[in-house]
Amino acid sequence: QQLVSSNLYNTVRRAELEVVERHTHSLPVSYVPPGMDATVAYPVLDFRFKNNLNSYLLICSMVEGDTLTFQLYGKK
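A. Quick look at the overall build of the chain. Assigned secondary structure in the chain consists of one helix and four strands. Counting from the amino terminus, the chain carries its helices and strands in the arrangement α-β-β-β-β. A separation of at least 24 residues holds for 52% of the contacts in the chain among residues at least 6 apart in sequence. Taken as a whole, the chain presents about 5500 Å² of accessible surface, with 54% of it coming from carbon and sulfur. Across the chain, the centroid of the 7 positively charged side chains sits 9 Å from that of the 7 negatively charged ones.

What follows is the structure, encoded as structure tokens:
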């Protein structure tokens, strides 16, 4: 699950959406560069972002083999 939240976090950052809540791991992780991680420990820690676009936001996630991909669609 942690890889999922970090992957979504980095997708949200690249889309320049507003990050409302993010928590880094307490120890370094190997799957993203330092400071680029996000952890979720429900119900204590969460990753939340806001659609700050003036239009809809479509979130697509896909798993192919061992690869998870997020795609965000909307108007800038």
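What follows picks up the thread again.
B. Layout of the pattern of salt bridges. Counting across every chain of the model gives one salt bridge. A salt bridge links Arg 48 to Glu 21; its shortest N-O distance comes to 2.9 Å. With Arg 48 in strand 2 (residues 48-50) and Glu 21 in strand 1 (residues 18-21), this pair connects stretches of sequence that are 27 residues apart. On the basis of relative accessibility, which here comes to 42%, the residue Arg 48 falls in the partly exposed class.

C. Examining the side chain of Thr 11 more closely. Its place among the elements puts Thr 11 in helix 1 (residues 2-14). The class for Thr 11 is buried, based on a relative accessible area of 8%.

D. The arrangement of unusual backbone geometry in detail. The amide bond that connects Tyr 42 to the next residue, Pro 43, takes the cis arrangement and shows omega of 5 degrees. Among the secondary structure elements, Pro 43 is positioned in the loop between strand 1 and strand 2. Positive phi, normally seen in glycine, also occurs at Glu 16, with a value near 60 degrees. Within the secondary structure, Glu 16 is located in the loop between helix 1 and strand 1. We classify Glu 16 as exposed; its relative accessible area is 55%.

E. Just the nonpolar core, in detail. Within the largest apolar cluster, 10 residues are counted, these being Leu 8, Tyr 9, Val 12, Leu 17, Ala 38, Val 40, Phe 47, Leu 53, Phe 70 and Leu 72. Residue contributions to this core peak at three residues, all from helix 1.

F. Representation of a nonpolar patch on the surface within the structure. There is a patch of nonpolar side chains on the surface, built from Tyr 56, Leu 58 and Tyr 73 and spanning about 330 Å² of accessible area. Along the chain, Tyr 56 turns up in the loop between strand 2 and strand 3 (57-64). Classification of Tyr 56 as exposed rests on a relative accessible area of 53%.

Basis of the calculations
- Residues numbered from 1 in each chain as written.
- Predicted model: local features only at pLDDT ≥ 70, side-chain atom pairs only at ≥ 80, totals over all residues.
- Heavy atoms only, no water.
- Helix = DSSP H or I, 4+ residues; strand = E, 2+ residues; numbered from the N terminus.
- Contact = heavy atoms within 4.5 Å.
- Areas by Shrake-Rupley, 256 points an atom, 1.4 Å probe, with all protein chains shown as cover.
- Lys, Arg positive; Asp, Glu negative; His and termini not counted.
- Charge placed at Lys NZ, Arg CZ, Asp CG, Glu CD.
- Salt bridge = Lys/Arg side-chain N within 4 Å of Asp/Glu carboxyl O.
- Buried < 20%, exposed > 50% of the residue type's maximum accessible area, 1.4 Å probe, protein only.
- Core = buried A, V, L, I, M, F, W, Y, C linked by side-chain atoms within 4.5 Å.
- Patch = residues over 30% accessible without salt bridge, like charges linked within 9 Å, V, L, I, M, F, W, Y side chains within 5 Å.

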